[in-house]
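# Report on the structure
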Amino acid sequence: MSDNDTRKNGEPARDEAVEKELEGVPEEFLNDAGEAEGDGDDKGDAGDAGDAGDLNEALAALRADLDAAKQDVLYARADTQNVRRRLEKDVQDARNYAATGFARDILSVADNLSRALDHVPAGLREDEQARRFVEGIEATMREIEKVFAQHGITRIAATGMPLDPNVHQAMMEVPAEDGQEPGTIVQELQSGYMIKDRLLRPAMVSVAK
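What counts, and at which threshold
- Residues numbered from 1 in each chain as written.
- Predicted model: local features only at pLDDT ≥ 70, side-chain atom pairs only at ≥ 80, totals over all residues.
- Heavy atoms only, no water.
- Pairing = 2+ DSSP bridges.
- Helix = DSSP H or I, 4+ residues; strand = E, 2+ residues; numbered from the N terminus.
- Axes fitted to C-alpha atoms, helices over the stretch in contact; angles between N-to-C directions.
- Core = buried A, V, L, I, M, F, W, Y, C linked by side-chain atoms within 4.5 Å.
- Buried < 20%, exposed > 50% of the residue type's maximum accessible area, 1.4 Å probe, protein only.
- Contact = heavy atoms within 4.5 Å.
- 1 Å grid on protein atoms, 1.4 Å probe; cavity = no way out; pocket = protein on both sides within 12 Å on 5 of 7 lines; lining within 4 Å.
- Points joined across faces, edges and corners; volume = space filled by probe spheres on them.
- Left-handed = near helix turned anticlockwise from the far one by under 90°.
- Nonpolar A, V, L, I, M, F, W, Y, C, P; charged D, E, K, R; others polar.
- Expected span 1.5 Å × (residues − 1).
- Bend = angle between axes of the 7 residues up to and from the residue.
- Phe/Tyr/Trp six-rings, centres within 6.5 Å; stacked < 30°, edge-to-face > 60°.
- Lys NZ or Arg CZ within 6 Å of the ring centre and 35° of its normal.
- Salt bridge = Lys/Arg side-chain N within 4 Å of Asp/Glu carboxyl O.

## A few points about the sheet that holds strand S2 (residues 168–174)
The strand order across the open sheet built from three strands is S2-S6-S3, with neighbouring strands paired in mixed fashion. Every interior strand has two partners, whereas the edge strands, S2 and strand S3 (185–190), have only one. Neighbour-to-neighbour, the strand axes of the sheet open up by a mean angle of 30 degrees, direction not taken into account. Bridge count for S3 against strand S6 (residues 203–208) is four bridges, and the pairing is antiparallel. Within S6, the residue paired with Glu 188 across the bridge is Val 205.

Here's what the structure looks like:
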């Protein structure tokens, strides 16, 4: 390798045109220029490191936003399921208790038929014509009870049962007879009914004291 290809200090040779331009320039100025170029490279490296830091921060922010969006989706899904369950329950309740209003209205008819049967004199049942009339009322009463059963309407047990404030309404107290516990229902004044698992009408009763 010739002297034109390399400098005395072992550094790579400059282009001949550049060498001509730099003739007469002190060596220290040339070294300062080289160091300045080196400093520029360091600044470039620092800039690259700063860009990488910004990118990491942006990625962290995106991950946080993604996690928040996932939580929002989970909450929204849970709310939707709760609303769907409530709607399904409302629809089922509407089906189960659709006859509630009508049942309350028809109870007075059943009450009147029951009272009529309770007050039929025993002698009237021995008469052929009267007996058929009474049997017709009894058949009507059985038909009403059948319709009640089809719609989940059941009569509340009362006489001889302990008083239950949830389904019984005490109208009066009477002295307890022998063997009767206080709070025992001794007479049913008006029948009570349930529609499925809901109270349709409490039974009105008298209770031993």
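## Quick word on unusual backbone geometry
Notably, Lys 196 is not glycine yet its phi reads approximately 55 degrees, a positive angle. Position of Lys 196 among the secondary structure elements: in the loop between strand S4 (193–195) and strand S5 (198–201).

## Structural notes on the nonpolar core
Phe 148, Ile 153, Tyr 193 and Leu 200 are the most contacted members of the largest nonpolar core, which has 16 residues in total. Taken together, the elements giving at least two residues each to this core come down to helix H3 (100–118), helix H5 (128–150) and S4. Those residues in contact with Ile 153 that sit more than four places away from it in its chain are Ala 103, Phe 148, Tyr 193, Met 194, Ile 195 and Leu 200. If you look at the next biggest cluster of nonpolar residues, it comprises five residues, including Ala 158, Ile 185, Ala 203 and Val 205.

## Observations concerning the layout of surface pockets
Within this model, the largest pocket holds a volume of roughly 240 Å³. In this structure, the largest pocket is lined by 14 residues; those nearest its centre are Ser 114, Asp 118, Leu 189, Gln 190 and Ser 191. Counting residues per element, the ones that place at least two in the lining of the largest pocket are H3 and S3. Among the elements that make up the lining of the largest pocket, the one with the highest residue count is H3 (five residues).

## Remarks on the packing of H3 against H5
Orientation of H3 relative to H5, taken along the N-to-C sense of each, is 145 degrees, at an axis distance of 10 Å. Crossing of H3 against H5: the hand is left-handed. Facing Ile 106, Leu 107, Val 109, Ala 110, Leu 113, Ser 114 and Leu 117 of H3, the residues of H5 in contact are Val 134, Ile 137, Glu 138, Thr 140, Met 141, Ile 144 and Phe 148. Residues belonging to the contact of H3 with H5 are distributed by class as follows: eleven nonpolar, two polar and one charged.

## Observations concerning H3
Compared with the 27 Å implied by 1.5 Å per residue over 19 residues, the 27 Å span of H3 between its first and last C-alpha is a close match. A maximum bend of about 30 degrees is found in H3 at Ile 106. Inspection of H3 places Thr 100, Ala 103, Leu 107, Ala 110, Asp 111, Leu 113 and Leu 117 among the buried residues, and these make up the whole buried set. Buried residues along H3 sit in contact with helix H4 (122–126), H5, strand S1 (153–155), S3, S4 and S5.

## Topic: the packing of aromatic side chains
The description of an aromatic ring pair rests on the distance of the ring centres and on the angle between the ring planes. Tallying each qualifying case throughout the model produces one aromatic pair. Ring centres of Phe 148 and Tyr 193 lie 5.6 Å apart, and the angle between their planes is 75 degrees; on these two criteria the pair is classed as edge-to-face. You can see Phe 148 sitting in helix H5 and its partner Tyr 193 sitting in strand S4, a full 45 residues away along the chain. The same class applies to Phe 148 as to Tyr 193, namely buried. Positioned over the ring face of Tyr 97 is Arg 198, at 3.9 Å from the centre of the ring.

## Digging into the pattern of salt bridges
Summed over the entire model, instances satisfying the criterion amount to eight salt bridges. Measuring nitrogen to oxygen at the nearest pair gives 3.2 Å for the salt bridge that ties Arg 84 to Glu 88. Here Arg 84 and its partner Glu 88 are both found in helix H2 (residues 27–96), four residues apart, which amounts to about one turn of the helix. Residue Arg 84 is classed as partly exposed on the basis of its relative accessible area of 41%. Residue Glu 88 is classed as partly exposed on the basis of its relative accessible area, which comes to 45%. Here Asp 111 ties to Arg 201 by a salt bridge, and the two come within 2.8 Å at their closest N and O atoms. Highlighted residues: Asp 111 in helix H3 and Arg 201 in strand S5, separated in sequence by 90 residues. Arg 201 carries the same exposure label as Asp 111, and that label is buried.

Structural measurements only, silent on function.
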